[in-house]
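Structural overview
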Amino acid sequence: MSLRCLLAASLVLAVSFAQADDHKLSTVKKGPEGLSPAIAKVVDSNGFKISGPDGALVEIWLLKGVPVLDKFKPNFTKQYPLTPGQLLGAMRISKGADYTDFRGQQMDPGVYTLRYGLQPMDGNHVGTSETYDFILALPAKSDKKTDTIKDFQELAEISAKAAGSAHPAIFSLLDPAKVEKKPSLEENDFEHLVLSFVGKGKSKDKEVDLKIALVVVGQSEG
């Protein structure tokens, strides 16, 4: 390899590390205001804050105990032991933050609920993410009950309000197999920043680990 190529490769690598270093992961000890009483009651007060070079971007909380499927085994189309449409937690986008979902849709500062979803098998979403699992953000004012939203069309329409578009506001979930106990914020091969942590799951009233790997900064190329 020529010296010029080596220098170029080194520059790209340095920029990549700089992008990762520009963001910081910290914890928060208080849940967001603006949730309905029913949802606020089940959201854990402990959460995560992601900050960028210009300040706070987004905070994320899971439920105190996320219901998970018993004896679940991951497969090609589903990596998470969750039910489509179920409530997972909440998100708050910081005031003044320039923040987009995984599709690059601009999202306004404010509070959102988070629900689990699976990409439709309709051929329009092939190659947009490593997995079919994702999280939808819904405006908190439009999502006030803890019940699972079983109708995907209804779920998508409410979520679309979060992005002010015809498409739901989504965030990609990645393979949780390698998630470690210590929370981390790391850049993957696609230059997405991934928040990895172990949340509290609940299976038949027994507490279990729920591994989460969530793209919090970055967009799909599809």
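Our subject is the structure listed above.
Below is a summary of the structure that appears in this document. In this text, all values refer to a predicted model and were calculated from it rather than measured experimentally.

The next thing to look at is the overall build of the protein chain. A count of helices and strands for the protein chain gives three helices and 13 strands. Of all 222 residues assigned to the protein chain, the portion counted as buried reaches 45%. Taking the contacts inside the protein chain whose residues are at least 6 apart along the sequence as the reference set, 60% of them involve residues at least 24 apart.

Within this structure, the stated rule accounts for three aromatic pairs. An angle of 20° between the planes, with centres 6.0 Å apart, marks the rings of Y99 and F171 as stacked. In this pair, Y99 is assigned in strand β6 (residues 99-100) and F171 in strand β10 (residues 169-172), connecting sequence segments 72 residues apart.

Moving on, we come to the sheet that holds strand β9 (residues 133-139). An order of β1-β2-β3-β5-β8-β9-β10 is seen for the seven strands of this open sheet, with the pairing classed as antiparallel. The open sheet has two free edges, formed respectively by β1 (24-28) and β10, since each of these has just one partner strand. Taking each pair of neighbouring strands and ignoring which way they run, the sheet shows an average axis angle of 30°. Looking at chain direction, strand β5 (residues 87-93) and strand β8 (residues 110-118) are connected through six bridges and run antiparallel. Counted as the bridge partner of L87 is R115 from β8. Running over the sheet, helix α3 (residues 152-163) touches β8, β9 and β10 and is turned about 65° from β9.

Moving on to the pairing of strand β11 (residues 184-187). As paired strands, β11 and strand β12 (residues 193-203) are joined by four bridges and run antiparallel to one another. Each bridged residue has a counterpart across the sheet, and for L185 the counterpart in β12 is L195. In textbook terms, the turn of a hairpin is the stretch between consecutive antiparallel strands, and for β11 and β12 this stretch comprises five residues, one of which, E191, has a positive phi near 65°.

Strand direction decides the pairing type here: β12 and strand β13 (residues 206-217), joined by eleven bridges, are antiparallel. Residue pairing for β13: K202 is matched across the bridge by E207.

Analysis parameters
Residues numbered from 1 in each chain as written. Predicted model: local features only at pLDDT ≥ 70, side-chain atom pairs only at ≥ 80, totals over all residues. Heavy atoms only, no water. Helix = DSSP H or I, 4+ residues; strand = E, 2+ residues; numbered from the N terminus. Buried < 20%, exposed > 50% of the residue type's maximum accessible area, 1.4 Å probe, protein only. Contact = heavy atoms within 4.5 Å. Phe/Tyr/Trp six-rings, centres within 6.5 Å; stacked < 30°, edge-to-face > 60°. Pairing = 2+ DSSP bridges. Axes fitted to C-alpha atoms, helices over the stretch in contact; angles between N-to-C directions.

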